[in-house]
Amino acid sequence: MRLSRAGYKEVVRCVEQLRPTRQCMKMLKERFPNHSQSTLLSIFSLEYQKRTKRTFSRHHAPDIIENNYQRYLSESNAHPTAPVLLELANEVDLSPALMARIILDRFLQDLEGGLPSKTVLNSMLKEPSLIPDHVLARNIYQCTINDCCYGPLVDCIKHAIGQEHEVLLRDKLNERNLSFLDENQLRAMGYDKTPDIILEVPIAVEGHIVHWIESKASFGDDYSHRTYLNEQFWSYWNRFGPGLVIYWYGFIGELDCQRDRGILLKDCFPTDIATLCPTAQQDQPPQEPE
């Protein structure tokens, strides 16, 4: 799905009023029924991450952490079955999963008499039943399952979705009988920084030559696309020639402005494909690993 920048900003204005709970996605879908839920969730996640970065230092200030921890202790003692931590996170506009991490870290400092190891902290966030305090364990679990942007559950889902779309891309290439090398094969050959796919025989998509394809199971907004261009796409272009980026959940249409320079954007696997003869191509071929 291509969104105009104006259409994207309309979604963002609505997102800014919401908290990262699963109920917010129902509200977004009702407001934008013509947008897929995956696109809306991706936009929401990107915008909430920006909001979190802006307020990170405030929420992690020692006095704020201590105040939130004491509030949690007081309210959970008074109401041991209530979702105290989840409500506190929503009240102060912090990701529930990040609030859970902060409070658990503070709890473990008292329990262990010092800073807990990240291994212990992460294992308890992934498996709250390991937490010796059952009330806190339940609160941590509630925060984890109700957060649609952060936390171990979201990390697993994002990883699975990314893998799923890479498999989808390979399946589409195989259906077209296109010869390619995937990221694992390229790393085994000695490449250190590679796109998801390098085509052994280049193709033309809508009249543009493509040597490589990158799969992004996310929405392409200004910030993420600019970051990818600087950290990945131009590097691929320098080494392998022009390529194609698929933002499976859509992107801001105005960002597809680098076609003549060798970066083509799509929101699905292209249907307009022509296979080129390697000897006839005029663009830069893939280079050997250094």
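Above: the structure in question.
Cut-offs applied
- Residues numbered from 1 in each chain as written.
- Predicted model: local features only at pLDDT ≥ 70, side-chain atom pairs only at ≥ 80, totals over all residues.
- Heavy atoms only, no water.
- Patch = residues over 30% accessible without salt bridge, like charges linked within 9 Å, V, L, I, M, F, W, Y side chains within 5 Å.
- Areas by Shrake-Rupley, 256 points an atom, 1.4 Å probe, with all protein chains shown as cover.
- Salt bridge = Lys/Arg side-chain N within 4 Å of Asp/Glu carboxyl O.
- Helix = DSSP H or I, 4+ residues; strand = E, 2+ residues; numbered from the N terminus.
- Buried < 20%, exposed > 50% of the residue type's maximum accessible area, 1.4 Å probe, protein only.
- Arc of directions from axis to C-beta.
- Contact = heavy atoms within 4.5 Å.
- Pairing = 2+ DSSP bridges.
- Right-handed = clockwise from strand over helix to strand, strands pointing away.

A. Summary view of a nonpolar patch on the surface. Judged by side-chain polarity, Tyr141, Ile145, Leu153 and Ile157 come together as a nonpolar surface patch covering roughly 330 Å² of accessible area. With respect to the element layout, isoleucine 157 can be found in helix α9 (residues 152–175).

B. Local environment of helix α1 (residues 5–15). Inspection of α1 places Gly7, Tyr8, Val11, Val12 and Val15 among the buried residues, and these make up the whole buried set. Down the axis, α1 shows its buried residues gathered within 140° of arc, on one side only. Away from its buried face, by an angle of more than 90 degrees, α1 presents the exposed residues Ala6 and Arg13. On its buried face, α1 sits against β1 (2–3), α2 (23–31), α3 (37–59) and β6 (251–252).

C. Here's a closer look at unusual backbone geometry. Even without being a glycine, asparagine 177 presents a positive backbone phi close to 55°. Turning to its location among the elements, asparagine 177 is positioned in the loop between α9 and β2 (180–182). The class for asparagine 177 is exposed, based on a relative accessible area of 71%. In this structure, glutamate 206 takes a positive phi of about 50° despite not being glycine. Along the chain, glutamate 206 falls in the loop between β3 (197–205) and β4 (208–216).

D. Molecular detail of the side chain of threonine 52. Along the chain, threonine 52 turns up in helix α3. Setting aside residues up to four positions removed in sequence, threonine 52 forms contacts with Leu98 and Tyr150.

E. The pairing of strand β5 (residues 243–247), seen in detail. The buried count for β5 comes to five of five residues, which makes it a mostly enclosed element. Looking at chain direction, β4 and β5 are connected through five bridges and run parallel. Bridge assignment links tryptophan 212 to a residue of β5, and that residue is glycine 243. With helix α11 (residues 222–240) bridging β4 and the parallel β5, this β-α-β connection has right-handed handedness.

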